[in-house]
Amino acid sequence: MRFSSDMNVIFVMTLTTLVSAFPMMVQRNSKPYHFSSSSSRNTGHLNIRDITKKLSPIQSLRLYSSPDDDDNANGMADEDTIQWDLFTKHHVGRRWRGTWTTLSYMGDVLDETLACINLLNDEKQNEIVMQEHEMVVGSTTSDCTKCFDSFETRTIPVANYEKGKLFKQRCASVGMVNGPRVLRSGMMTTELVLKHGDGRVRVIFYHAPAWKNENDEGMTPPDGLKFVRAMYSREADREEVPSRLQEEIMKDTLIGDKQQPKFFRPVPPFSWHKKWGGTSWTWGETTGDKGWMVSEMEEADAWHGRPRGDSSNVWSMRLPGGILIQCPRVIPPNDIELCRLAWLPDDEVLLRAEASISCLEPIIDEENDQMIGLKPPKLVALRCDVLESRGEVDEKGTMLDRLKELEKMGDNTDDEDEIVLPLAP
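Our subject in this report is the structure included herewith. (Residues numbered from 1 in each chain as written. Predicted model: local features only at pLDDT ≥ 70, side-chain atom pairs only at ≥ 80, totals over all residues. Heavy atoms only, no water.)

1. Looking at the overall build of the protein
The number of helices and strands found in the protein is seven helices and 20 strands. With 425 residues in all, the protein has 45% of them scored as buried. Only carbon and sulfur atoms are counted for the fraction: they give 51% of the accessible area of the protein, which is about 23600 Å². (Helix = DSSP H or I, 4+ residues; strand = E, 2+ residues; numbered from the N terminus. Buried < 20%, exposed > 50% of the residue type's maximum accessible area, 1.4 Å probe, protein only. Areas by Shrake-Rupley, 256 points an atom, 1.4 Å probe, with all protein chains shown as cover.)

2. Examining the environment of V203
With respect to the secondary-structure elements, V203 resides in strand β9 (residues 199-210). The class for V203 is buried, based on a relative accessible area of 1%. As for V203 and E191, which are separated by 12 residues in sequence, their C-alpha atoms are 5.6 Å apart. Excluding residues that lie within four positions of it along the chain, V203 makes contacts with T190, E191, L192, M231, Y232, I325 and L341. (Contact = heavy atoms within 4.5 Å.)

3. Let's talk about the environment of R308
Here R308 is to be found in the loop between β12 (288-294) and β13 (314-319). A relative accessible area of 73% means that R308 is categorised as exposed. For R308, the contacting residues outside a window of four places in its chain are V314, S316 and Q326.

4. Brief notes about the pairing of strand β14 (residues 323-328)
Sheet faces and side chains relate simply in a regular strand, where the side chains alternate between the two faces. Taking burial as the measure, the six residues of β14 include six buried ones, the bulk of the element. What you see with β14 is no split at all: I323, I325 and C327 on one side and L324, Q326 and P328 on the other are buried throughout. In this sheet, β14 lies alongside β13 in antiparallel orientation, the contact comprising six bridges. Its bridge partner lying in β14, M317 is registered against I325. Two successive antiparallel strands, β13 and β14, enclose a turn made up of three residues, where G321 displays a positive phi of approximately 90°. Pairing of β14 with strand β16 (residues 336-346) involves four bridges; the strand directions are antiparallel. (Pairing = 2+ DSSP bridges.)

5. A look at the environment of G278
Mapped onto the elements of the fold, G278 is located in strand β11 (residues 274-284). In this structure the C-alpha to C-alpha distance between G278 and L350, which are 72 residues apart in sequence, comes to 9.4 Å. In this view, G278 contacts W292, M293, V294, V386, L387 and R390; residues no more than four positions away in its chain are not counted.

6. With respect to the packing of aromatic side chains
All told, the structure shown has six aromatic pairs when counted by the stated rule. Ring geometry for W84 versus F87: centroids 6.0 Å apart, planes at 45°, classification tilted. Taken as a pair, W84 and F87 lie in helix α4 (residues 72-90) at a separation of three residues, close to a single helical turn. Neither residue differs from the other here; W84 and F87 are each classed as buried. Taking the centre distance of 5.9 Å and the plane angle of 40° together, the rings of Y105 and F227 count as tilted. (Phe/Tyr/Trp six-rings, centres within 6.5 Å; stacked < 30°, edge-to-face > 60°.)

7. A few points about the pairing of β9
Of all 12 residues that make up β9, 12 are buried, and the element is covered over most of its length. Summarising the sheet, strand β8 (residues 188-196) and β9 pair through nine bridges and their orientation is antiparallel. Its bridge partner being in β9, K195 is matched across the sheet by R200. Count of turn residues in the β8/β9 antiparallel hairpin: two residues, of which G197 carries a positive phi of about 65°. Looking at chain direction, β9 and strand β10 (residues 224-236) are connected through 12 bridges and run antiparallel. Looking at the pairing, I204 lines up with M231 of β10.

8. Some thoughts on unusual backbone geometry
Of the consecutive residues G179 and P180, the connecting peptide bond is found in the cis state with omega at 0°. Structurally, P180 can be placed in strand β7 (residues 175-182). With a phi angle near 60°, F167 is a residue other than glycine that sits in the positive phi range. Relative to the helices and strands, F167 resides in the loop between β5 (150-161) and β6 (169-172). Although it is not a glycine, L360 sits at a positive phi angle of roughly 55°. Locating L360 in the fold gives a position in the loop between β17 (349-358) and β18 (362-365). Exposure remark for L360: the relative accessible area of 10% places this residue in the buried category.

This is the structure we're talking about:
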């Protein structure tokens, strides 16, 4: 493969937005984001079939499968109906009030904004759902004990949805993914949502174009997308924005109410490590929607118990209230990476959402063997798990006991097949 001599003409449709907006992405730092030597990945590339197979639960029983219909129109109608029903059941008809907290690459809090996402049916056309963002742009604090604080808000229309037109949104059980999509600034966003009762947790990952060589900026396609920041929000369909003070005041009311998750309750790290079982919803480009019954989750599938991720390319944060977010530090071109969100709304329920995304896939002119552009980023696969506790983990499942078992196995084997264990410190 070779590049054309005039790269500014070839990539005018795909890189103009990225190049013009790239200074806006790095306005908080003195120099642009670039790859470092530590960003190299040890894992190989995954194709769509491998990643779809990986997303399927290990120990499971299939409960549901997308209908196979020779008529593509009927098949699409069935899928549209499923998506619309899930969207309206779990998200529409509510005012999701919350605090939008923006985190930097280092995990520092950059900004906090009080906002409300309104997903309401149109009064004139009930089959249309309107999305509006109501932002708090100013506030006045009252010194009088008989008066109330006032807030100045601004309502921003976002989009109108209807059956078959959810755009980049895809639902799976109580989970939803929005994206990946490219903003006007040139950054790519991937949004994950998990809903439980009258509350939900939402996270948006931001990735910006980056080049290995500074001299290649704007002259060649990006060498990858590097993680810049994340925004998460604890939202609820309540009269007030969820806060620690509100939960303390309503402590007696929220006790025992499974439909009102407590966002700011203390969650010890041991709460993640249990025997989990339940249902799983998977979707793939070639496999469609499928439902599974998970009798007991295998350790390899329990990524929620590994907060740092499975490789050095994972950026992760474990947030108060039983929230874990993970995303790739760098997304290489034409590769598949995972964005994850896990939430413990209470001690007996675990919700997980996992989205496989791909970006920077080249468009090749086969006749001239030239790259003429980049395809839009796409969602490759999606998985949502609704799990409940099936008891505590057995003592035999600890790593120390497993090392002892391996050591015994090594004593019973020949010298040629001896298992070598790491030396104790």
